[in-house]
Amino acid sequence: MHRSLIILAGGASSRMKQSIGVEGLSAEEVREANTVSKALITYGKNQRPILDVLLSNAEKAGYEDIILIIGEQGEAFKSFYGNEMTGNSFGNMNLSYAVQHIPADRIKPFGTADAVTQALEQYPGLQNEVFTVCNCDNLYSVAALKTLRDIQAKNAFIAYDRDGLEFSTERISRFALALLDDDQNLIDIIEKPSEEKMEDYQNNDGTYRVSMNIFKFNGADMFTYLKNCPIHTIRKEKELPAAILNFTKEHPAQFQGILFKEHVPDLTSKEDIQIFKGYLNSL
């Protein structure tokens, strides 16, 4: 079992800030949605960040070290989780920060593969360790997080059954779809497929397997592929699925899909805030 979880929280939250659906939201909720990271939108009587719930699930799953990847303007995270770059705490876990720096010729961060690369460069010990990576704005279950710690495969991901996710087909197209062989090894993965392309990613068992960006990586295997990840021709970012696909092409049957069928609350736009908070209130 491994002990480290890297949480991607350095994105620009562009879709949240650009979305216009504010029905049912208070003025303060709209202000937060427009100004802070999605993970820092607050809830409950103590007005704590939504990220608390993911961190609590990680602790229940047995993780001991959290590395939170924040942006260059990520000081707001420190106001909630500690001012030091390392040695902060959340529950019984150690919490540290990695900063995703933006290249001089760009305005926005360079993508998820770049974020993990920068974290591994700032914490080079991870280049020879096994760790989990996930988004900051998805509420992954304790079971999913623990399964990645328990599984023997060095490189793996949770392959969610599309029919278990409470999303529209249009929403599913914003995620990644994966093809697995009969032994559940990854064959192909595509980020944000077109609706026509989605039909090419039906698995032999009839399911469509969705990646919600939660992976187990062996740093020794993946670091070079993350660092050398190709830039998407349209989105101009280095995306984790592209790095994983390149690894899989050169190392067949070494990236395992873990079959799951459950919903994963996702916080992307303002329309999701009330749904997400309602889910949290039901816990």
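Some details on the side chain of Gln 100
Here is step 1: Relative to the elements of secondary structure, Gln 100 occurs in strand E6 (residues 93-100).
Here is step 2: Its relative accessible area of 3% is what places Gln 100 among the buried residues.
Here is step 3: In terms of polar contacts, Gln 100 uses its side chain to reach the backbone carbonyl oxygen of Gly 111, at 3.0 Å.
Here is step 4: Not counting residues up to four positions away in its chain, the partners in contact with Gln 100 are Gly 10, Ile 69, Ile 70, Gly 71, Glu 72, Pro 109, Phe 110, Gly 111, Asp 114, Ala 115 and Gln 118.

Comments concerning the packing of helix H5 (residues 112-122) against helix H9 (residues 219-227)
Here is step 1: Between H5 and H9, whose axes approach to 9 Å, the crossing angle comes to 125°. Comparing their axes, H9 and H5 come out oblique. Like other packed secondary-structure pairs, H5 and H9 cross with a definite hand, here left-handed. In this structure, H5 contributes Ala 113, Val 116, Thr 117, Leu 120 and Glu 121 to the contact, and H9 contributes Phe 223, Leu 226 and Lys 227.
Here is step 2: In terms of residue class, the contact of H5 with H9 is made up of five nonpolar, one polar and two charged.

Some words on the packing of aromatic side chains
Here is step 1: Evaluation of the coordinates by the stated rule reveals 11 aromatic pairs.
Here is step 2: Measuring from centroid to centroid gives 5.4 Å for Tyr 225 and Phe 247, while their planes differ by 85°, and the two rings are edge-to-face. Highlighted residues: Tyr 225 in helix H9 and Phe 247 in helix H10 (residues 240-250), separated in sequence by 22 residues.
Here is step 3: By relative accessible area, Phe 247 is classed as buried at 1%.
Here is step 4: Among the aromatic residues, ring-to-ring pairing joins Phe 131, Phe 157, Phe 215, Phe 217, Tyr 225, Phe 247 and Phe 255 into one connected group.
Here is step 5: Against the face of Tyr 63 rests Arg 149, its NZ or CZ located 5.5 Å from the ring centre.
Here is step 6: The ring of Tyr 208 has Arg 162 lying over it, and the distance from NZ or CZ to the ring centre is 4.0 Å.

Some points on the nonpolar core
Here is step 1: The biggest cluster of nonpolar side chains holds 59 residues, and the ones touching the most others in it are Ile 7, Leu 51, Leu 55, Phe 77, Tyr 140, Tyr 160 and Met 212.
Here is step 2: By residue number, the principal contributor to this core is helix H3 (residues 51-60), which donates five residues.
Here is step 3: If you look at the next biggest cluster of nonpolar residues, it comprises 34 residues, including Leu 120, Val 133, Leu 180 and Ile 189.

Brief notes about the side chain of Arg 171
Here is step 1: Within the fold, Arg 171 resides in helix H7 (residues 169-172).
Here is step 2: Residue Arg 171 is classed as buried on the basis of its relative accessible area, which comes to 11%.
Here is step 3: Side chain to side chain, Arg 171 and Asp 266 meet in a polar contact 2.7 Å long.

Details of the environment of Ser 269
Here is step 1: Summarising the element assignment, Ser 269 is placed in the loop between strand E12 (256-260) and helix H11 (271-281).
Here is step 2: Linking Ser 269 and Ala 33, residues 236 residues apart in sequence, is a C-alpha distance of 8.3 Å.
Here is step 3: At a separation of 2.8 Å, a polar atom in the side chain of Ser 269 contacts the side chain of Glu 271.

Quick look at the packing of H9 against H10
Helix-helix packing is characterised by the crossing angle of the two axes and by the distance between the axes.
Here is step 1: Between H9 and H10, the least distance of the axes is 9 Å, while the angle of their chain directions is 120°. As the angle between them shows, H9 and H10 are arranged oblique. H9 and H10 meet at a crossing whose hand is right-handed. For the pair H9 and H10, the contacting residues are Asp 221, Met 222, Tyr 225 and Leu 226 in the first and Leu 240, Ala 243, Ile 244, Asn 246, Phe 247 and Glu 250 in the second.
Here is step 2: Looking at the contact of H9 with H10, its residues break down into seven nonpolar, one polar and two charged.

About the thresholds
In this convention, every chain numbers its residues from 1, walking through the sequence in written order. In keeping with the model being predicted, local features are shown solely for residues with a pLDDT of at least 70 and side-chain atom pairs are shown and tallied solely at 80 or more, while totals for entire chains, interfaces and linings include all residues. Side-chain figures throughout are based on the complete set of non-hydrogen atoms in the structure, without hydrogens or water. Each helix is a run of H or I in the DSSP string that is no shorter than four residues. Each strand is a run of E no shorter than two, and both are numbered from the N terminus. Working definition: with a 1.4 Å probe on protein chains only, accessible area under 20% of the residue-type maximum means buried, over 50% means exposed, and in between means partly exposed. In protein, a polar contact requires one atom able to donate a hydrogen and another able to accept it; more generally it is a pair of N or O atoms within 3.5 Å, and residues adjacent in sequence count only if both atoms are side-chain atoms. Residues count as neighbours in contact if any of their non-hydrogen atoms are within 4.5 Å of one another. Axis definition: a line fit to C-alpha positions, over the contact stretch in the case of helices; interaxial angles, taken between N-to-C directions, run 0 to 180 degrees. Each angle is binned into one of four classes, with values under 35 degrees roughly parallel, values over 145 roughly antiparallel, values of 65 to 115 roughly perpendicular, and all other values oblique. When the near helix sits turned anticlockwise from the far one by under a right angle, the crossing is termed left-handed; a clockwise turn instead gives a right-handed crossing. The classification used treats Ala, Val, Leu, Ile, Met, Phe, Trp, Tyr, Cys and Pro as nonpolar, Asp, Glu, Lys and Arg as charged, and all other residues, Gly among them, as polar. Note on aromatic pairs: the rings of Phe, Tyr and Trp (six-membered ring only in Trp) are paired at centre separations within 6.5 Å, and the planes decide the class, stacked below 30 degrees, edge-to-face beyond 60, tilted for the rest. Over a ring means this: the NZ of a Lys or the CZ of an Arg is within 6 Å of the ring centre and within 35 degrees of the ring normal. Nonpolar cores were defined as sets of buried Ala, Val, Leu, Ile, Met, Phe, Trp, Tyr and Cys residues, with membership established by side-chain atoms within 4.5 Å.

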